[in-house]
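Observations on the three-dimensional arrangement
Spelled out, the chains give:
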Amino acid sequence: MALRPGGLISTTHRDTQCVVRKWLRSRWKAISTDAQGREVPRMKGKQMKTPTWSKRKTMSFVALVAAAGLGLSACGGGKAAEPTESADAPSKDAAETVEIAYLHRLPDGDGMTPVADVVAKWNEENPDIKVTATKFDGKANEMIKKLETDIKADNAPCLAQLGYAEVPELYTKGLVEDVTAEAEKYKGDFAPGAYSLMTVAGKAVGLPQDTGPLVYFYDKAAFEALGLKVPTTLDEFKNMAKEAAAQGKYIAAFEPDEAQMWLSGQAAAAGDVWYTAQADNWKVETNGAGSKVVADFWQELLDSNAALNLNRWDDAYTKALKDGQLIGNIGAAWEAGFMLDGIVAEDAQGTWAVTQLPDFGKGVMTGPDGGSGVAVMKGCKYPEQAMKFNAWFNTQIDPLASQGLVVAAKGTVATPEKIKRQFGGQDVAAELAKANDNMNPNFVYMPGFSAVGPEMAKAAANVATGGKVMDIFEAAQKTSVDTLKSMNLPVAAE
């Protein structure tokens, strides 16, 4: 039995390999270089991405989804199997009401438009397609386990929110449907890069919802008080960090618990591509030139005591913000939705601002840190109706933006009033949209990427006791290779 989009089929594993192999070749042949020597896809449009609510809520980013289930071995003349019947199930008569379940991890916090209210509007306008939305309060990996269990029990929701980095693995396991025909109807409503993140081997499994490019957050008033300007290069950043630290302030904090997405996104900003196809094998290079630039940058800041070393989700991080000790840091765009809650009083105008990352050596570029889409899960009886709602929901720009998302749908996004107040009246949404445009278009994830995170976090934690930042990227290299091999996917020799 071989895995394919739509589930398990009785065919050879080689057939699936051939489908994906052809896609990989077409994807990587479609890369050229621009005037600055950066690799860019030969396609129209710009790549865009937003994270899901929190890194803990959805991993993710802008990666063009790496081929999942890629056994890149030689192909014979065999033909890949057609989609299973579940993906092509006949639609129910429009006059009869169908029920669609949607499982999500959106925050639904104070000041946000509740998902339930958005869904209620849909149900009122579309009485023949009743949608029930349920918020999953656990961790992202717990939700994946639940979905897998429910699919086996034939009790899964039709729609579920998935992080972009999770899509290849779920595709490999046959947990999502091939809904390419339906997705193509709505493709024009979304940024091309974001749309591609919900495809694997040329097959769409859903539609994008949000993206998560890395940006730089800073307290504008605190910078001005120290006589600092926003750094535009890494050299400027290091010099200003040392100057600020001499006065008891820090413009950056190293985040061990967010090593996987946070540091991989910075490597992407430095021009790296961690996973590519080479001669029908996976080529892994998490310790390349860009990663070394990032490692050297943070190593110098830490060695000179010019940056704090704090886990992002520990109370100590929030305390550093409240006390005015931490006055800037690199973070995912979606953090704008909540990072200043409790920092800026509800009746006060904040002094923080957001801007693009400094130049890591490849021009103004950023990388992904989170982001998610909504996929049609295996066994959904009404994929056409599910995708109709999926497209509608993910183009409700303002309600989604109120959730702190960088929306993947095309259109003007109004900065929520709370965020605008906290960031001193800045049009934050417009700045985050620029970050989407600056995303490294070639940075992709691999199947099993979730296994890489724990080893990176472990190496990052050791930095506080003498470990080196570069050890994190070396750990990613070894774990990536071992994980692909454990999935019986061929890996190019290093």
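The structure displayed is predicted, hence computed values, not measured ones.

A word on the overall build of the protein chain
On a plain count of helices and strands, the protein chain comes out with 17 helices and 18 strands. Of all 494 residues assigned to the protein chain, the portion counted as buried reaches 58%. Look at the contacts in the protein chain between residues 6 or more apart in sequence, and 81% of them connect residues 24 or more apart. Summing over all exposed atoms, the protein chain offers an accessible surface of approximately 19300 Å²; the carbon and sulfur share of this is 49%.

Description of the confidence of the model for the protein chain
Looking at the protein chain, the pLDDT average stands at 83 and 80% of residues meet or exceed 70. Counting interchain partners and residues more than four positions distant, the pLDDT-below-50 stretch residues 1-94 has 322 contacts.

Focus on unusual backbone geometry
What you tend to see is this: most non-glycine residues have negative phi, and most peptide bonds are trans. Even without being glycine, Asp-154 reaches a positive phi, approximately 55°. Structurally, the position occupied by Asp-154 is in the loop between helix H3 (140-152) and strand S7 (159-163). Residues other than glycine seldom take positive phi values, yet Asn-488 does so here, at roughly 60°. Relative to the elements of secondary structure, Asn-488 occurs in the segment after helix H17 (470-486).

Some points on the state of the cysteines
With the rule as written, the count across this model stands at one disulfide. One disulfide bridge connects Cys-158 with Cys-380, the sulfur atoms lying 2.1 Å from each other. Because the sign of the S-S torsion sets the handedness, a value of about 90° for the bond joining Cys-158 and Cys-380 places this disulfide among the right-handed ones. Of this pair, Cys-158 sits in the loop between H3 and S7 while Cys-380 sits in the loop between strand S17 (368-376) and helix H12 (383-393), placing them 222 residues apart in sequence. Owing to a relative accessible area of 3%, Cys-380 belongs among the buried residues under this scheme.

Re the environment of Pro-157
For Pro-157, the position within the fold is in the loop between H3 and S7. Separated by 55 residues in the primary sequence, Pro-157 and Tyr-102 place their C-alpha atoms 5.8 Å from one another. Among all residues touching Pro-157, those that are not within four sequence positions of it are Ala-101, Tyr-102, Leu-103, Leu-147 and Met-377.

Side note on the side chain of Thr-355
Note that Thr-355 resides in strand S16 (residues 352-355). Thr-355 gets classed as buried once you look at its relative accessible area, which sits at 19%. Non-local contacts of Thr-355, meaning those with residues more than four positions away in its chain, are made with Val-215, Tyr-216, Tyr-218, Val-230 and Glu-431.

Topic: the nonpolar core
If you look at the biggest cluster of nonpolar residues, it comprises 85 residues, and the most contacted ones within it are Ile-251, Phe-254, Trp-298, Phe-423 and Ile-472. Apart from residues lying up to four places away in sequence, Phe-254 is in contact with Trp-262, Leu-263, Trp-298, Leu-302, Leu-308, Asn-309, Leu-310, Ala-460, Val-463, Val-469 and Ile-472. The next biggest cluster of nonpolar side chains, apart from the first, holds 35 residues, and it includes Val-131, Phe-190, Val-374 and Val-407.

Observations concerning the packing of aromatic side chains
Within this structure, the stated rule accounts for 24 aromatic pairs. Here Tyr-216 and Tyr-218 contribute two aromatic rings whose centre-to-centre distance is 6.0 Å and whose plane-to-plane angle is 10°, an arrangement assigned as stacked. Residue class for Tyr-218 comes out buried when judged on its relative accessible area of 10%. Both rings, one in Phe-237 and one in Phe-297, keep their centres 5.3 Å apart while their planes meet at 75°; by these two values the pair is edge-to-face. One end of the pair, Phe-237, is in helix H8 (residues 234-245); the other, Phe-297, is in helix H10 (residues 289-303), and 60 residues separate them in sequence. We classify Phe-237 as buried; its relative accessible area is 0%. One aromatic cluster in this structure is built from Tyr-216, Tyr-218, Phe-223, Phe-237, Phe-254, Trp-262, Phe-297, Trp-298 and Phe-360. Directly above the aromatic system of Trp-313 lies the positively charged group of Arg-312, at a separation of 4.6 Å from the ring centroid.

With respect to the pattern of salt bridges
Under the criterion given, the structure shown has 14 salt bridges. With a closest N to O distance of 3.6 Å, Lys-434 and Glu-431 form a salt bridge. One end of the pair is Lys-434 and the other is Glu-431, both in helix H15 (residues 428-437) and three residues apart, which spans about a single turn. When its relative accessible area of 46% is taken as the criterion, Lys-434 is described as partly exposed.

Brief notes about the pairing of strand S6 (residues 129-135)
Relative to S6, strand S5 (residues 98-104) is paired through seven bridges, and the arrangement is parallel. Looking at S6, one finds that Tyr-102 is bridged to Ala-133. With helix H2 (residues 115-125) bridging S5 and the parallel S6, this β-α-β connection has right-handed handedness.

So, the environment of Val-98
Mapped onto the elements, Val-98 comes out in strand S5. Sequence-wise, Val-98 and Pro-127 are 29 residues apart; in three dimensions their C-alpha atoms are separated by 9.1 Å.

Some details on the pairing of S16
Residues Trp-352 and Val-354 point to one face of S16 and Ala-353 and Thr-355 to the other, with burial holding for every one of them. Sheet analysis places strand S10 (residues 206-219) next to S16, joined by four bridges and oriented antiparallel. Bridge pairing links Tyr-216 to Thr-355 in S16.

Quick notes on the side chain of Gln-396
Here Gln-396 lies in the loop between H12 and helix H13 (397-402). Classification of Gln-396 by relative accessible area gives buried; the value is 15%. Within polar-contact distance, the side chain of Gln-396 engages the backbone oxygen of Trp-392 at 3.0 Å.

Definitions and limits used
Residues numbered from 1 in each chain as written. Predicted model: local features only at pLDDT ≥ 70, side-chain atom pairs only at ≥ 80, totals over all residues. Heavy atoms only, no water. Helix = DSSP H or I, 4+ residues; strand = E, 2+ residues; numbered from the N terminus. Buried < 20%, exposed > 50% of the residue type's maximum accessible area, 1.4 Å probe, protein only. Contact = heavy atoms within 4.5 Å. Areas by Shrake-Rupley, 256 points an atom, 1.4 Å probe, with all protein chains shown as cover. pLDDT = per-residue confidence, 0-100. Disulfide = S-S within 2.5 Å. Core = buried A, V, L, I, M, F, W, Y, C linked by side-chain atoms within 4.5 Å. Phe/Tyr/Trp six-rings, centres within 6.5 Å; stacked < 30°, edge-to-face > 60°. Lys NZ or Arg CZ within 6 Å of the ring centre and 35° of its normal. Salt bridge = Lys/Arg side-chain N within 4 Å of Asp/Glu carboxyl O. Pairing = 2+ DSSP bridges. Right-handed = clockwise from strand over helix to strand, strands pointing away. Polar contact = N/O pair within 3.5 Å; in protein donor to acceptor, adjacent residues only side chain to side chain.

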